[in-house]
Amino acid sequence: MKKHQWLLGTAALSLIVGGSFASGAPAYAAGQPPAVYRTDAGIGASSTASAAALSVTDFGAVANDGRDDHSAFAAAAKAAKQQNKTLHVPAGTFHLSKILTIDSIRMEGAGKAATVLVSTDPEKGSIDLKGSGVSLRNLKHVYETTVPRGNGAHEKNSITVRGAGNFMIDNVSVNKSSTAGIMVAYGSNNGIISNNTVANTGADGIHITTESHHITVENNTVTAAGDDGIAVVSYKTSPVPVRAVTIRDNEVGGLSKARGISVVGGENVTIENNSVKNTMMAGIYIATEGSYNTMNVDGVKVVNNTVNHTGIKEPEKHPNVLVYAGQGTIDNVEFSGNTITNGAHRGIGVWGGGVRNVKFERNTLVNTNGAKTTFKNGNIELVDNVGF
Ligand SMILES: [Ca+2]
């Protein structure tokens, strides 16, 4: 029953009355969220007057007083789990002096401008999600100060999903973190990351790694990331790769310091209908990397994206789109219907001895700086492209 419970809280009443889902069925098929998730974002505050909800203020949290609210939030989260109730955070600014863990509950603010959670310890400020059916919605999370990325510890991410199933991060604003904005790790699965705004991170904006699978990342805006905007990364230290990830309808750019959208080891990844522009390295990057000892890539579809003016950084001079096998193999990669324009230094590159089958079909390339295409390795199939 746990899988149903976040439907029961707010906007899904009509679904339930209408009997739209069968008892025992999962809330949504993997990677295919029902429309309700996309349409009910922002409802939070108006639906809070429910017997099925607790408020952090009932546990001693006080908005706008500049004093720490961590113990109240922790107690409220514990009670919400025990009582199977949604946890609401009203409008206002609350302070968190430590990592806040929410386990198998729904925590919802009054809107991503209205409810602001401020973490005061730059080394330990992550909001951690764990358990089943956990969701975080309708609020903003910021760090008061940051520290260097250094060891990349998860404790200084903005949000860390730790092996959760059926999770959701929706309509959340992330601003400033020492490491990643939203980190999905440790076999997290059947999750949706939607309608979020991620900016000014120390590491990747949204990062999916360590065996996580069946994740949808949609309609997010990622700007000024300290590393990649949205990244799927599989290291050889894991027994299986990250797999079944859909990245669609996102906007990525704003002078992010590395790649826009990347797959660095992974299987069955779809990158669809995104807009990537003004990133320092390649806008879309499909790779295996020896320096990070990543796994192979197998099965990536890159469909109907726009990539404009990326690869700005020198001396790397990445193309707008780059497929690069630094070790192992990259196979079954298809680019179709993409519009690739105005590369800072070159258009499309495919290189590295482990590249196998790469197909480009019906893509449009408009490139005036440097080489249009550089195909050094692999079996490259070209069908009905323009401007190659
Ligand atoms: Ca307070």
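How each quantity is defined
- Residues numbered from 1 in each chain as written.
- Predicted model: local features only at pLDDT ≥ 70, side-chain atom pairs only at ≥ 80, totals over all residues.
- Helix = DSSP H or I, 4+ residues; strand = E, 2+ residues; numbered from the N terminus.
- Buried ≥ 20, exposed ≤ 12 C-beta atoms within 10 Å, placed from the backbone.
- Contact = placed C-beta atoms within 7 Å.
- Core = buried A, V, L, I, M, F, W, Y, C linked by C-beta atoms within 7 Å.
- pLDDT = per-residue confidence, 0-100.
- Expected span 1.5 Å × (residues − 1).
- Arc of directions from axis to C-beta.
- Pairing = 2+ DSSP bridges.
- Axes fitted to C-alpha atoms, helices over the stretch in contact; angles between N-to-C directions.

Draft legend 1. Summary view of the overall build of the protein. Looking only at helices and strands, the protein features 3 helices and 33 strands. By the burial criterion, 51% of the 388 residues in the protein qualify as buried. Taking as baseline every contact in the protein between residues at least 6 positions apart, the subset at least 24 positions apart corresponds to 72%.

Draft legend 2. Structural context of the nonpolar core. Counting 86 residues, the largest nonpolar core has I102, I182, I284, I286 and V323 as the members making the most contacts within it. If one sorts the elements of this core by residue count, strand β26 (residues 321-325) sits on top with 5 residues. For V323, the contacting residues outside a window of four places in its chain are I286, I330, V333, V350, V355 and V358.

Draft legend 3. Here's a closer look at unusual backbone geometry. Of note, the amide linkage connecting E314 to P315 takes the cis form, showing an omega dihedral of 10°. Along the chain, the position of P315 falls in the loop between β25 (306-308) and β26. If you check the backbone angles, A224 has positive phi at about 50° while not being a glycine. Among the residues examined, A224 registers 18 C-beta atoms within 10 Å and is labelled partly exposed. A positive phi is found at D249, a non-glycine position, where the angle reads about 60°. For D249, the position within the fold is in the loop between β18 (243-248) and β19 (251-253). For D249, a count of 16 C-beta atoms within 10 Å gives the class partly exposed.

Draft legend 4. Quick look at the confidence of the model for the protein. Averaged over all residues, the pLDDT of the protein is 90; the fraction at 70 or higher stands at 87%. Confidence drops under pLDDT 50 across residues 1-49; counting only partners more than four residues distant or on other chains, this segment forms 69 contacts.

Draft legend 5. Spatial organisation of helix α3 (residues 70-83). Its 14 residues place the ends of α3 20 Å apart at the C-alpha level, agreeing with the 20 Å of an ideal helix rising 1.5 Å per residue. Among the residues of α3, those classed as buried are F73, A76, A77 and A80. Buried residues along α3 cover an arc of 100° about the axis, so they all sit on one side. At its buried positions, α3 is contacted by β1 (53-55), β2 (86-88), β3 (92-96) and β4 (100-103). N84 lies just past α3 and shows a positive phi near 55°.

Draft legend 6. Geometry of the pairing of strand β24 (residues 297-303). Relative to β24, strand β21 (residues 266-272) runs parallel, the two sharing 6 bridges. The partner of E267 across the bridge, within β24, is D298. Bridging between β24 and strand β27 (residues 330-336) involves 6 bridges; their strand directions are parallel. Looking at β27, one finds that K301 is bridged to E334.

Draft legend 7. Examining the sheet that holds β4 more closely. With respect to topology, 11 strands assemble into an open sheet ordered β4-β7-β9-β11-β14-β17-β20-β23-β26-β29-β32, the strand pairing being parallel. Each edge of the open sheet carries a strand with a single partner, namely β4 and β32 (373-375). Here the average twist between neighbouring strands, direction ignored, is 10°. Across 3 bridges, strand β11 (residues 182-185) lies against strand β14 (residues 206-209) in parallel orientation. Among the inter-strand pairings, M183 is bridged to a residue of β14, identified as H207.

Draft legend 8. Structural view of the pairing of strand β12 (residues 189-194). Along β12, 6 of the 6 residues are buried, which leaves the element largely enclosed by surrounding structure. Summarising the sheet, strand β10 (residues 168-177) and β12 pair through 3 bridges and their orientation is parallel. Its bridge partner lying in β12, I169 is registered against I193. With 5 bridges connecting them, β12 and strand β15 (residues 213-218) associate as parallel partners. What sits directly across from N189, in β15, is H213.

Draft legend 9. View of the environment of A287. Inspection of the secondary structure assignment puts A287 in strand β23 (residues 284-288). Its 23 C-beta neighbours within 10 Å are what place A287 among the buried residues. Along the primary structure A287 and V355 are separated by 68 residues, whereas in three dimensions their C-alpha atoms are 9.2 Å apart. Dropping the residues within four chain positions of it, A287 is found in contact with S262, V264, Y324 and G326.

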